[in-house]
Amino acid sequence: DAKTTQPPSMDCAEGRAANLPCNHSTISGNEYVYWYRQIHSQGPQYIIHGLKNNETNEMASLIITEDRKSSTLILPHATLRDTAVYYCIVRVAGIRKNYGGSQGNLIFGKGTKLSVKP
Amino acid sequence: EAGVAQSPRYKIIEKRQSVAFWCNPISGHATLYWYQQILGQGPKLLIQFQNNGVVDDSQLPKDRFSAERLKGVDSTLKIQPAKLEDSAVYLCASSLDRQGKETQYFGPGTRLLVL
């Protein structure tokens, strides 16, 4: 089962910031928070990931609370092309030394369907 | 940089028939993944390869599904015989699997309909 909880859907007006919440209250110290999104009829696309510090890249910002039990993905100026399902995933990162382990695998939940409206 | 390639993009078969999907990962990516995505759900990992060895196939229904990555590059996923519940999108992903480079990059998927 996915280790995260997300709202099933959200709406956002075009040009406004989209703030997508995620709860991961059982996150372990060595687990990162990853965000992917999936536009209709495409494969998932990596957005951003972080451990405990806030992160920003050309696509989005990731805000992780101090206790790491929740995070928010921020799309600063949403466009119609940002309409997609957004997945929040917790995942162990780092080199796996032994075969047979699946700690680093992505376990997807149902995500949040973000609809950006004109 | 070319992305992950998959073919075919769509396939329609009847139950009990066989089907195969092909994946070409990003050049130099050692790790390859196959996921199954049923309508309305997130992708679920079926099998993970590192080079040509299987790392994790715990979620692969081995009575009907098989996968190989003989030369550590391309991979094929086969279903034989197919069931109605196998209707889904089959996604292939790859990653460098090097420290700090574990991001998985996904292909467009193959949409399978079993009638």
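Located above this text is the structure these notes cover.
Attention here is on the structure that accompanies the text. (Residues numbered from 1 in each chain as written. Chains lettered and ligands numbered in written order. Predicted model: local features only at pLDDT ≥ 70, side-chain atom pairs only at ≥ 80, totals over all residues. Heavy atoms only, no water.)

Some points on the sheet that holds strand β9 (residues 112–117) of chain A
All names here are of chain A.
So, point 1. Within the open sheet, the five strands sit side by side as β1-β9-β8-β3-β4. Their pairing is mixed. Since the sheet does not close on itself, it has two edges, and those belong to β1 (9–13) and β4 (45–50), each with one partner. Across the sheet, the axes of successive neighbouring strands diverge by a mean angle of 25°, strand direction being ignored.
So, point 2. In the sheet, strand β3 (residues 31–38) pairs with β4 via five bridges, with the strands oriented antiparallel. Bridging from a neighbouring strand, tryptophan 35 pairs with isoleucine 48 of β4. (Pairing = 2+ DSSP bridges. Helix = DSSP H or I, 4+ residues; strand = E, 2+ residues; numbered from the N terminus. Axes fitted to C-alpha atoms, helices over the stretch in contact; angles between N-to-C directions.)

Here we look at the sheet that holds strand β3 (residues 19–24) of chain B
Residues and elements named next belong to chain B.
So, point 1. The antiparallel open sheet is built from four strands, whose spatial order is β1-β3-β8-β7. Two strands lie at the open edges of the sheet, namely β1 (5–7) and β7 (65–68), each paired on one side alone. Within this sheet the neighbouring strands show an average axis-to-axis angle of 15°, counted without direction.
So, point 2. For β1 and β3, the ladder comprises three bridges, and the chain directions are antiparallel. Directly across from glutamine 6, in β3, lies its bridge partner cysteine 23.

A closer look at the packing of aromatic side chains
So, point 1. Counted under the stated rule, the structure contains eleven aromatic pairs over all chains.
So, point 2. When the centroid spacing of 6.1 Å and the interplanar angle of 70° are considered together, the rings of Tyr36(A) and Phe108(A) count as edge-to-face. Here Tyr36(A), found in strand β3, pairs with Phe108(A), found in the loop between β8 (84–92) and β9; they are 72 residues apart in sequence, far enough to count as distant. Each member of the pair Tyr36(A) and Phe108(A) is classed as buried.
So, point 3. Measuring from centroid to centroid gives 6.1 Å for Phe108(A) and Phe106(B), while their planes differ by 80°, and the two rings are edge-to-face. A residue pair is termed interchain when its members come from two chains, as with Phe108(A) in the loop between β8 and β9 and Phe106(B) in strand β10 (residues 105–106). Exposure class is identical for Phe108(A) and Phe106(B). Each is buried. (Phe/Tyr/Trp six-rings, centres within 6.5 Å; stacked < 30°, edge-to-face > 60°. Buried < 20%, exposed > 50% of the residue type's maximum accessible area, 1.4 Å probe, protein only.)

Looking at the pairing of strand β6 (residues 61–64) of chain A
Residue and element names in this part refer to chain A.
So, point 1. Of the pairings in the sheet, the one linking strand β5 (residues 55–56) to β6 comprises two bridges and is antiparallel in character. Bridge pairing in β6 places glutamate 55 opposite leucine 62.
So, point 2. In the sheet, β6 pairs with strand β7 (residues 70–75) via four bridges, with the strands oriented antiparallel. Along β7, the bridge assignment pairs serine 61 with isoleucine 74.
So, point 3. Where β6 hands over to β7, the hairpin turn is made up of five residues, of which arginine 68 adopts a positive phi near 60°.

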